[in-house]
Amino acid sequence: AKAAFWIGKTKLEQGLTGEAIAVYQETILQFGGDVLQDGVDLIISEMLTLYRRLKNEDRASLQADLQASLKDTGSVTLKLRLRAMLAEMTGTANELGRQLNVELDDLTQAPPPVLAVLCNAAFEDKEYSRAAEILDLFQTRYEESEFMKAALKLRAFELFETQQYDAAMKIAEEAQAI
C-alpha cells in the first residue's frame, strides 16, 4: 500500500489526478481490510486532501464510488475506514465518532483514521472514558501514525481535567515531538 501511495503522488505531480485517485481507491479496497496496513492510512489522508480540491461533480462521483464499495465489502476494518473517510468528506465525522463509540466495544479492528474520528468526537464532547485505551492502541500498534495526535490530545486533556498536570505535560511533550 505504501508503494501505491508513492505511485499516486507521482501521478499527482504529473497532473494526473484522476489516475492517482483510481490507484488510491484500488489500493484502499485491496489492502484496507488489514488493520495494520499503514500505507492505506497515508492514502486516506491524501484522498481527503485531494477531495477538497475536486469539482463538485467529481466529489459526488467519488462519494458514490466509496458508498458502493462500503455496501459491497464484508470486511469490518475496510467498512470502518470507508465510513470514516466518507464522514470526513461530508463533515459528519463527529457524529460518526459518537456512533462508533457506542458501536465498537472492541477497538482492535479500528485503524488509525477511525480511532482519530473517535478521539475528535470525544474531545468535542469532553468524553474521556476511552482516552487511555485509544492512546495505548496507538502506542502499541500504530506508533508511527500521523493520526496519533488526536489520541495524544484527548489523553492530555483528560489528565489535565483530572489535575494530573505532570502526566498531561508529558503527553503534550510527546505530541510536540511528532
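In this text the structure is predicted, and so the values were computed from the model without any measurement.

Asker: Is there a simple way to think about the packing of aromatic side chains in this case?
Answerer: Within a pair of aromatic rings, the relevant descriptors are the distance that separates the centres and the angle that separates the planes. Counted under the stated rule, the structure contains 5 aromatic pairs. Taken together, a centroid distance of 4.9 Å and an interplanar angle of 80° make the contact between F5 and W6 edge-to-face. The class for W6 is exposed, based on a relative accessible area of 54%. The structure contains a cluster of three or more aromatic residues connected by ring pairs, namely F5, W6 and Y24.

Asker: It is not clear to me how the nonpolar core should be interpreted in this structure. Could you clarify?
Answerer: As a rule of thumb, soluble globular proteins bury nonpolar side chains together. With 34 residues, the main nonpolar core has L100, L107, L115, I134 and F138 as its most contacted residues. Mapped onto this core, the elements with two or more residues apiece are α5 (76-90), α6 (93-103), α7 (112-125), α8 (131-141), α9 (148-161) and α10 (165-177). Every residue in contact with L107, bar those within four places of it in the chain, is listed here: L115, L118, R130, E133, I134 and L137. One finds I44, L50, L70 and L82 within the second-largest nonpolar core, a separate group that totals 25 residues.

Asker: Quick question: what am I supposed to make of the packing of helix α1 (residues 2-13) against helix α2 (residues 17-31) here?
Answerer: Relative placement of two packed helices is described by the angle separating their axes and the distance separating the axes. It is at 7 Å that the axes of α1 and α2 come closest, and there the two elements cross at 170°. Accordingly, the angle class assigned to the pair α1 and α2 is roughly antiparallel. Contacts between α1 and α2 involve A4, F5, I7, G8, K9, K11 and L12 from the first element and T17, E19, A20, V23, Y24 and T27 from the second. In terms of residue class, the contact of α1 with α2 is built from 7 nonpolar, 3 polar and 3 charged.

Asker: I keep staring at the pattern of salt bridges and nothing clicks. Help me out?
Answerer: Side chains bearing opposite charge may pair, as long as their charged atoms lie close to each other. Summed over the entire model, instances satisfying the criterion amount to 9 salt bridges. For E46, the salt bridge goes to K9, with nearest N and O atoms at 3.4 Å. Within this pair, whereas E46 is found in helix α3 (residues 38-53), its partner K9 is found in helix α1, the two being separated by 37 residues in sequence. On the basis of relative accessibility, which here comes to 26%, the residue K9 falls in the partly exposed class. The salt bridge involving R155 is made with E158; its shortest N-O contact spans 2.4 Å. In this pair, R155 and E158 both sit in helix α9, 3 residues apart, roughly one turn of the helix. For E158, a relative accessible area of 17% gives the class buried.

Asker: Please clarify how unusual backbone geometry should be interpreted in this entry.
Answerer: Where the residue is not glycine, phi is negative for most of them; where a peptide bond is considered, it is trans in most cases. Not every positive phi belongs to a glycine, and K126 is a case in point at roughly 55°. Summarising the element assignment, K126 is placed in the loop between α7 and α8. Judged by its relative accessible area of 58%, K126 falls in the exposed class. Despite not being glycine, Q163 has its phi angle at roughly 60°, a positive value. Position of Q163 among the secondary structure elements: in the loop between α9 and α10.

Conventions and cut-offs
- Residues numbered from 1 in each chain as written.
- Predicted model: local features only at pLDDT ≥ 70, side-chain atom pairs only at ≥ 80, totals over all residues.
- Heavy atoms only, no water.
- Phe/Tyr/Trp six-rings, centres within 6.5 Å; stacked < 30°, edge-to-face > 60°.
- Buried < 20%, exposed > 50% of the residue type's maximum accessible area, 1.4 Å probe, protein only.
- Core = buried A, V, L, I, M, F, W, Y, C linked by side-chain atoms within 4.5 Å.
- Helix = DSSP H or I, 4+ residues; strand = E, 2+ residues; numbered from the N terminus.
- Contact = heavy atoms within 4.5 Å.
- Axes fitted to C-alpha atoms, helices over the stretch in contact; angles between N-to-C directions.
- Parallel < 35°, antiparallel > 145°, perpendicular 65-115°, else oblique.
- Nonpolar A, V, L, I, M, F, W, Y, C, P; charged D, E, K, R; others polar.
- Salt bridge = Lys/Arg side-chain N within 4 Å of Asp/Glu carboxyl O.

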